[in-house]
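Report on the structure
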Amino acid sequence: MATQITHKPRVITAEHITALREFDERGLFPDRTVQGLFLRIGDKSTSWIYRKWQRTKGRRKSVERTLGHWPTMQPPAARASLKESRRSARCWSTRRASM
């Protein structure tokens, strides 16, 4: 089952991520600056993902790609990585999840 987005888009900063981790918030947090960029906070790790929605024959699907993990990849680096990966979208393998 796909993870649902229940949080409002906001500009994600390192301080914001630290606060979310301290308050035990879990889930997908969309970034307002770059469309399709999400921060996934889990029990053990925090990662940056790119999520793209598609419709094929009336069915809605999402395609996800993990860009990196926080704190190794900070928010500005995640945004730059996503912009570059959009240019070479055919080069990466995808994981598809039905919604």
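Scope of this entry: the structure provided in the associated data block.

About the thresholds
Residues numbered from 1 in each chain as written. Predicted model: local features only at pLDDT ≥ 70, side-chain atom pairs only at ≥ 80, totals over all residues. Heavy atoms only, no water. Helix = DSSP H or I, 4+ residues; strand = E, 2+ residues; numbered from the N terminus. Buried < 20%, exposed > 50% of the residue type's maximum accessible area, 1.4 Å probe, protein only. Polar contact = N/O pair within 3.5 Å; in protein donor to acceptor, adjacent residues only side chain to side chain. Core = buried A, V, L, I, M, F, W, Y, C linked by side-chain atoms within 4.5 Å. Arc of directions from axis to C-beta.

A look at the side chain of E64
Secondary-structure assignment places E64 in strand β4 (residues 59–69). Take E64: its relative accessible area is 7%, and that puts it in the buried class. At 2.4 Å, the side chain of E64 and the side chain of R51 are in polar contact.

Describing unusual backbone geometry
Between W70 and P71 the backbone carries a cis peptide bond, its omega angle lying at 10°. Its place among the elements puts P71 in the loop between β4 and α2 (75–87). Phi at D24 is positive, roughly 55°, even though this residue is not glycine. Among the structural elements, D24 can be located in the loop between α1 (14–22) and β1 (27–30). D24 sits in the exposed class, given a relative accessible area of 53%. Although it is not a glycine, K57 adopts a positive phi angle of roughly 55°. Among the structural elements, K57 can be located in the loop between β3 (46–56) and β4. Judged by relative accessible area, K57 falls into the exposed class, the value being 85%.

Section: the nonpolar core
If you look at the biggest cluster of nonpolar residues, it comprises 15 residues, and the most contacted ones within it are L37, L39, W48 and L67. In terms of residues, this core owes the most to one element, strand β2 (residues 37–41), which gives three residues.

Section: α1
Given 3.6 residues to a turn, an α-helix orients residues that are three or four positions apart in the same direction. Within the span of α1, buried status applies to H16, I17 and L20. Projected down its long axis, α1 shows its buried positions confined to an angular sector of 100°, all on one face. Residues of α1 that are exposed and point over 90 degrees away from its buried face: E15 and E22. D24 sits one or two residues past α1 and shows a positive phi near 55°.

All quantities given are derived from atomic positions and should not be read as evidence of function.
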